[in-house]
Amino acid sequence: AFVAQYGWTRDELLRMRMSEVRPPEQRAHFEQSLRKFSDGEARDVVFDAPWKHHRKDGSRIDIRGYATRTVFAGRPAILAVLVDETPRRAIEMRWREADAMWRSLVDTSPDVVTIIDMEGTMLFINRVGPPFENRQVVGSKVWDVTGEGGPARMQQLLERVARTREAVVYEAKG
């Protein structure tokens, strides 16, 4: 798997030090950590920091790793498991960007935007106005804050959302 992921042949990898797959700016720190590990100061190590590795073609990947000291063929060795975190970290970055954009849109919307679960509990509201400024609205039931005829109308809208899986618009008087 390492050969396929990194692009070097098995023979090339066997001639390399593990630090050689690290970018130059991380090699000294890696060598220092490896010495502590090899000297017995640590038995098991989790490399959860945003470590970078580079492939033979020069592209970089984010990795997370786990290592433990062991004996292999009668010699001290380190058994390591590396996980390519590049796709997960890219998804997290896109999620953070999308979340920031959504928050910006909702926070600047002239409309009141709410998220309500299927039991009618308000999970999010971008702002509250009179007469609700001094009242905890998130966590309350939506029909507790709707006007006359609101509870029945809200129940109908929630049933419609459950049936169609589409967002709905509700305009209150006032």
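So, a few notes on the structure that sits alongside this text. (Residues numbered from 1 in each chain as written. Predicted model: local features only at pLDDT ≥ 70, side-chain atom pairs only at ≥ 80, totals over all residues. Heavy atoms only, no water.)

Here we look at the overall build of the protein
Regarding its fold elements, the protein presents 5 helices and 5 strands. Secondary structure of the protein in N-to-C order comes out as α-α-α-β-β-β-α-β-β-α. The C-alpha radius of gyration computed for the protein amounts to 28 Å, which surpasses the reference 16 Å derived for 174 residues by more than 25%, pointing to a less compact arrangement than a globule. Out of the 174 residues in the protein, the part that is buried amounts to 24%. Counting contacts in the protein only where the partners sit at least 6 residues apart, residues at least 24 apart contribute 33% of the total. Positive and negative side-chain charges in the protein, numbering 28 and 26 respectively, have mean positions lying 6 Å apart. (Helix = DSSP H or I, 4+ residues; strand = E, 2+ residues; numbered from the N terminus. Rg over C-alpha atoms; globule rule 2.2 N^0.38 Å. Buried < 20%, exposed > 50% of the residue type's maximum accessible area, 1.4 Å probe, protein only. Contact = heavy atoms within 4.5 Å. Lys, Arg positive; Asp, Glu negative; His and termini not counted. Charge placed at Lys NZ, Arg CZ, Asp CG, Glu CD.)

Section: helix H5 (residues 150–164)
The first and last C-alpha atoms of H5 sit 21 Å apart over 15 residues, in line with the 21 Å expected at 1.5 Å per residue. Considered for burial, the residues of H5 that qualify are Gly150, Met154, Leu157 and Leu158. Taken down its axis, H5 places every buried residue within 100 degrees of arc, on the same side. Residues of H5 that are exposed and angled more than 90 degrees away from the buried face: Ala152 and Arg163. Contacts made by the buried residues of H5 are with strand E4 (114–116). (Expected span 1.5 Å × (residues − 1). Arc of directions from axis to C-beta.)

Overview of the nonpolar core
Tyr6, Trp8, Met16, Val21, Phe47, Trp51 and Ile63 are the most contacted members of the largest nonpolar core, which has 13 residues in total. At the level of secondary structure, the elements contributing two or more residues to this core comprise helix H3 (24–38), strand E1 (44–54) and strand E2 (60–72). The contacts of Trp8, once residues within four sequence positions are left out, are Val3, Leu13, Met16, Val21, His54, Arg55 and Lys56. Residues Met122, Val137, Met154 and Leu157 belong to the second largest nonpolar core, which totals 6 residues. (Core = buried A, V, L, I, M, F, W, Y, C linked by side-chain atoms within 4.5 Å.)

Regarding the side chain of Thr121
With respect to the helices, strands and loops of the structure, Thr121 is situated in the loop between E4 and strand E5 (122–125). Within the structure, Thr121 has its side chain in polar contact with the side chain of Lys141 (distance 2.9 Å). Excluding its chain neighbours within four sequence positions, the residues that come into contact with Thr121 are Ile115, Ile116, Gly139, Ser140 and Lys141. (Polar contact = N/O pair within 3.5 Å; in protein donor to acceptor, adjacent residues only side chain to side chain.)

Brief notes about the pairing of E5
Note that E4 and E5 share 3 bridges and pair antiparallel. Within E5, the residue paired with Ile115 across the bridge is Phe124. Here E4 folds back onto E5, and the loop between the two strands holds 5 residues, one of which, Gly120, carries a positive phi near 90 degrees. (Pairing = 2+ DSSP bridges.)

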